[in-house]
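Overview (structure and organization)
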There are 2 protein chains.
Amino acid sequence: MPTFARRSVEEHADHIAGLLARALETETETIPVDDAAGRVTASPVGSPVDLPLFRNSQMDGFAVRAAEVADAPVILPIAGEIAARALDPGALRPGTVVRIMTGGVVPEGADAVVPVEDTSPGGEPDTVLIGRSRGVGEYVRDRGSDIRTGDVLIPAGVLLASRHLAALAAAGITTVSVRRRVRVAVVTTGAELVAPGTDPVRGQVFDSNGTALAAAVSAAGADVVVRERVADDHEAFRRALATATAAADLVLTSGGISMGDYEVVRETLEPLGGEVGSVAMQPGGPQATAAVDGVPVVCFPGNPVSTQLSFEVFVAPLLRRAAGLPARRVSARALEGDLRSVPGKRQFLRAHDDGAVVRPVSGPGSHLVAGLAAADSLLIVPEDAVELHAGDVVEVWAL
Amino acid sequence: MPTFARRSVEEHADHIAGLLARALETETETIPVDDAAGRVTASPVGSPVDLPLFRNSQMDGFAVRAAEVADAPVILPIAGEIAARALDPGALRPGTVVRIMTGGVVPEGADAVVPVEDTSPGGEPDTVLIGRSRGVGEYVRDRGSDIRTGDVLIPAGVLLASRHLAALAAAGITTVSVRRRVRVAVVTTGAELVAPGTDPVRGQVFDSNGTALAAAVSAAGADVVVRERVADDHEAFRRALATATAAADLVLTSGGISMGDYEVVRETLEPLGGEVGSVAMQPGGPQATAAVDGVPVVCFPGNPVSTQLSFEVFVAPLLRRAAGLPARRVSARALEGDLRSVPGKRQFLRAHDDGAVVRPVSGPGSHLVAGLAAADSLLIVPEDAVELHAGDVVEVWAL
């Protein structure tokens, strides 16, 4: 007998969210900044330095005392040259200027930079004609004007992209504390399954669920740490489950949870307190969950489309949130044509969304794996809909 | 003297698109399906098999001759059982049914499946009461009803996601021909640069451009195959350039292209026919390109924000397209407050977009690397704008 007779999609989603809550709160780990793209900061990162590190020039030109060029044009002697390179230029002697490159240290005493295009040769060797005055601070980047020591450079919970890594590097930081990725084990079951690349005999099918779930887990920002395929063999499934729970924060299974015979997942998990039942959706009606050795196990039906859509509906949103990834894109679209639906079940139809209207691209069958590949979105038909008409507005999920 | 005096952003973008066109047309390579997520198919993949591979049951129930249950209720003897597993059940004997599981081979002679919920025990052992009739083909998945041998399973140019890999696996396919990723070399220059994690002396700064460009190249779907940092030393730069052009389809450099002295990139590339000049944008005015040993070299100015935005403007869109990734998200937003701009230059301001209005989050300076990290978008101020007012609509790029 099923543990739950009939759950709504929301009820089952809430149940799974509760079951997974603790597993998704992974500990932190410290990794090199150069490897941290796509990871989420575990805590705020304070800047260990002022940026800029030192007062420097915004332009190629001449570092000056603003007061000495206030009556420009004026000719002044060039006391030296400051490139953008390791160099402490000392103080600017009164009545002189120094040539300076962008990024060069502005010498003590100087308080403005005159860009090179506002200057010309002064006539005498080692002199320059300053053609226009510049106010105090012009073209000078003050130390700490980007960020000051101790200020938050990157807040906690930020999904790190190149610009964040650049800021960390600019502050001299080489490692960053991020949330560990969620570790997921994928166990596919079914006596009829054989590995792609082998020669099936009549009655066997290629296992696509292992490939599908592994790729979908990665795309949701988690790590696949175990991947096993087992026949409808209780001992083999128990061994795979033990391997999975030992290594993973979360175990996903496909197959073996219907009410028929040879349902190895159901038969193994029910005595361990697993909950098996039916959710008001199509595809994907049979669903189950368990906690084994404290590790949540989420079980999907074995039909390939059912497995993939169940993951999308129940687990992908949780993994994406844990990984700091944006939520799935949901749109409202007009139906291109009429369609009929099964009352009492939410239908997830494989569809093409052209940005204005949406239409199904394959039948509703849970075996239509090529049809799913041809879709770019899911068209959601609500539980209470029996007939929908062209122009009716439906919810569409981008795939 | 500059090779080009003043290009518009579009002119320089077009120039780079032309320069890179051939480099972005990479050859194909064959890789395992399980590693192919995020890659782009090089050619259409035909299905080597019919899917389903064989006629099978859509439900747990009984395989029947539809004509024999047309007058249901009717009691029939159960001749056997067909699980979803390797089994060729032979033909269905007239006047009998076989128990069948979802996915099981529908035996020759049977032309419908009656779901188990429409049946009950027949009274006598090994008999079943078929409670309702089913038409020919009901609950039977025909061989090839998803896809037929030779039909296109995945078209060319598809960015492979989990559902595509699942379809390939379901057809027994283990390898797929995809476009090789574009190989990019990153060479950062500047005598003032030191590696993050070291102790800079006064005048030195941490190199953030290597980190930024490497991460941005990866995010744009290309591979970083060389990463070098060189001082303003012609011989070292020539060596790095030789390493880069030997390994990469495209070389990116930062720094060394201004009109000042110590401009190692400009001084090395100009004699080789490189084009160096100014583009009407801020940040990122100085820009350069070259082709060295037939490999395109795109050179960005060295200020960290200039480097990062130049990549976003000129190279990221090309790499993303080559990798089959969607184009950057561009929106129209109302300005939250007034702002002034430099006429004649397109400004790329670092901004926060709250979905309705947009506002700058840091100054326009090209050294404000922490300010860029704090932004979630770029606010584009057109060349002809001098003043913009609250409520004016501007273009915004999502970062």
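If you're wondering where the values come from, they're calculated on a predicted model, not measured in any experiment.

What counts and what doesn't
Residues numbered from 1 in each chain as written. Chains lettered and ligands numbered in written order. Predicted model: local features only at pLDDT ≥ 70, side-chain atom pairs only at ≥ 80, totals over all residues. Heavy atoms only, no water. Helix = DSSP H or I, 4+ residues; strand = E, 2+ residues; numbered from the N terminus. Rg over C-alpha atoms; globule rule 2.2 N^0.38 Å. Buried < 20%, exposed > 50% of the residue type's maximum accessible area, 1.4 Å probe, protein only. Contact = heavy atoms within 4.5 Å. Areas by Shrake-Rupley, 256 points an atom, 1.4 Å probe, with all protein chains shown as cover. Lys, Arg positive; Asp, Glu negative; His and termini not counted. Charge placed at Lys NZ, Arg CZ, Asp CG, Glu CD. Pairing = 2+ DSSP bridges. Buried area = accessible area lost by both parts, 1.4 Å probe. Salt bridge = Lys/Arg side-chain N within 4 Å of Asp/Glu carboxyl O. Axes fitted to C-alpha atoms, helices over the stretch in contact; angles between N-to-C directions. Left-handed = near helix turned anticlockwise from the far one by under 90°. Nonpolar A, V, L, I, M, F, W, Y, C, P; charged D, E, K, R; others polar. Least-squares fit on C-alpha atoms with pLDDT ≥ 70 in both. Phe/Tyr/Trp six-rings, centres within 6.5 Å; stacked < 30°, edge-to-face > 60°. Lys NZ or Arg CZ within 6 Å of the ring centre and 35° of its normal. Domains from an automatic or database assignment. Polar contact = N/O pair within 3.5 Å; in protein donor to acceptor, adjacent residues only side chain to side chain.

The next thing to look at is the overall build of chain A. A count of helices and strands for chain A gives seven helices and 29 strands. The C-alpha atoms of chain A give a radius of gyration of 32 Å, which is well past the 21 Å a tight globule of 399 residues would have. Along the first, second and third principal axes, the C-alpha set of chain A runs to 100 × 50 × 40 Å. Per-residue burial for chain A yields a buried fraction of 53% across its 399 residues. In chain A, the share of contacts with a sequence separation of at least 24, taken over all contacts with a separation of at least 6, comes to 70%. Counting every atom, chain A has about 15,900 Å² of accessible surface; 50% of that belongs to carbon and sulfur. Between the mean site of the 35 positive side-chain charges and the mean site of the 50 negative ones, chain A shows a separation of 1 Å.

All names here are of chain B. One ladder, built from three bridges, connects strand S5 (residues 61–64) with strand S7 (residues 97–100); its direction is antiparallel. Looking at S7, one finds that Phe-62 is bridged to Arg-99. Across four bridges, strand S6 (residues 74–82) lies against S7 in parallel orientation. For Ile-78, the partnering residue across the bridge sits in S7 and is Val-97.

Another aspect to go through is the interface of chain B and chain A. Many authors give the size of an interface as the accessible area that is lost as the parts come together. Contact with chain B, which involves 72 residues of that partner, is made by 71 residues of chain A. Of the roughly 5,600 Å² buried between chain B and chain A on both sides combined, carbon and sulfur atoms contribute 61%. Linking chain B to chain A there are two salt bridges. Note that Arg-227 of chain A and Asp-34 of chain B form a salt bridge whose closest N and O atoms lie 3.2 Å from each other.

It is worth spelling out the pairing of strand S8 (residues 112–115) of chain B at this point. Looking along a regular strand, one sees side chains alternate from face to face of the sheet. Residues and elements named next belong to chain B. Residues Ala-112 and Val-114 line one face of S8 and the alternating positions Val-113 and Pro-115 line the opposite face, and both faces are buried. Of the pairings in the sheet, the one linking S5 to S8 comprises four bridges and is antiparallel in character. By the bridge assignment for S8, Ala-63 is matched with Val-113.

This part takes up the sheet that holds strand S14 (residues 183–189) of chain A. All names here are of chain A. One open sheet holds the seven strands; their spatial order is S1-S19-S21-S22-S18-S14-S17, and the pairing between them is mixed. Unpaired on one side and paired on the other, strand S1 (4–7) and strand S17 (223–230) mark the two borders of the sheet. Strand-to-strand twist across the sheet, computed as the mean angle between neighbouring axes with direction ignored, equals 20 degrees. Alignment of strand S18 (residues 250–254) against strand S22 (residues 295–300), held across four bridges, turns out to be parallel.

Residue and element names in this part refer to chain B. Mapped onto the fold, Arg-181 is located in the loop between strand S13 (175–179) and strand S14 (183–189). In this structure, the C-alpha to C-alpha distance between Arg-181 and Glu-27, residues 154 residues apart in sequence, is 8.9 Å. Once you skip the residues sitting within four places of it in the chain, Arg-181 turns out to touch Thr-26, Glu-29, Gly-38, Arg-39, Gly-221, Ala-222, Asp-223 and Asp-249.

Excluding glycine, residues mostly have negative phi values, and the peptide bonds linking residues are mostly trans. Residues and elements named next belong to chain A. Cis peptide bonds are those with omega within 30 degrees of zero, and the linkage from Leu-51 to Pro-52 qualifies with -10 degrees. Following the sequence through the fold, Pro-52 ends up in the loop between strand S3 (45–46) and strand S4 (56–57). With an omega of -5 degrees, the peptide bond running from Gln-282 to Pro-283 counts as cis. Following the sequence through the fold, Pro-283 ends up in the loop between strand S20 (281–282) and strand S21 (286–292).

A separate point is the packing of helix H1 (residues 9–24) of chain B against helix H6 (residues 304–322) of chain B. Residue and element names in this part refer to chain B. For the pair H1 and H6, interaxial distance at closest approach is 9 Å and the crossing angle is 40 degrees. Where H1 crosses over H6, the handedness of that crossing is right-handed. Mapping the contact onto sequence places Val-9, His-12, Ala-13, Ile-16, Ala-17, Leu-20 and Leu-24 in H1 and Val-313, Phe-314, Leu-318, Leu-319 and Ala-322 in H6. The residue makeup of the contact of H1 with H6, split by class, is eleven nonpolar, one polar and no charged.

Under the definition given, this model contains 38 salt bridges over all chains. With its nearest N and O atoms 2.7 Å apart, the salt bridge here joins Glu-10 of chain B to Arg-346 of chain B. With a gap of 336 residues between them, Glu-10 of chain B in helix H1 and Arg-346 of chain B in strand S25 (residues 346–353) connect regions that are remote in the sequence. We classify Glu-10 of chain B as partly exposed; its relative accessible area is 41%. What makes Arg-346 of chain B buried here is its relative accessible area of 13%. Through salt bridges that share partners, Glu-10, Arg-346 and Glu-383 of chain A make up one connected network.

Superposing chain B onto chain A takes a rotation of 180 degrees plus a shift of 0.0 Å along the axis, which leaves an RMSD of 0.1 Å. Classification of the inter-copy transformation places it as that of a two-fold axis. Considering only C-alpha atoms, the residue of chain B closest to the rotation axis is Arg-329 of chain B, which sits at 6.5 Å. By residue overlap, the copies meet face to face through one surface: 99% of the interface positions of chain B are interface positions in chain A.

A few words now on the packing of aromatic side chains. Evaluation of the coordinates by the stated rule reveals two aromatic pairs over all chains. Stacked on the ring of Trp-397 of chain A, the Lys or Arg Arg-328 of chain A has its end atom at 3.9 Å from the ring centre.

Once that is clear, we can look at the domain arrangement of chain A. You can read the domains of chain A as domain 1 (4–26 + 181–322), domain 2 (29–51 + 150–179), domain 3 (56–141) and domain 4 (330–398). Here the C-alpha centroids of domain 2 of chain A and domain 3 of chain A sit 36 Å apart.

So, about the environment of Asp-207 of chain B. With respect to the element layout, Asp-207 of chain B can be found in the loop between strand S16 (205–206) and helix H3 (209–219). The exposure class of Asp-207 of chain B is buried, given its relative accessible area of 2%. Placed 174 residues apart in sequence, Asp-207 of chain B and Val-381 of chain B show a C-alpha to C-alpha distance of 29 Å. When residues no more than four places from it in sequence are discounted, the contact partners of Asp-207 of chain B are Ala-169 of chain A together with Thr-188, Leu-193, Val-194, Pro-196 and Arg-229 of chain B. Within the structure, the side chain of Asp-207 of chain B is placed 2.9 Å from the backbone nitrogen of Asn-209 of chain B, a separation counted as a polar contact.

Let's shift gears to the side chain of Arg-163 of chain B. As for its position among the elements, Arg-163 of chain B is in helix H2 (residues 162–170). A polar atom in the side chain of Arg-163 of chain B sits 2.9 Å from the backbone oxygen of Ala-375 of chain A. For Arg-163 of chain B, the residues in contact, after removing those within four places along its chain, are Gln-308, Leu-372, Ala-373, Ala-375, Asp-376 and Leu-399 of chain A.

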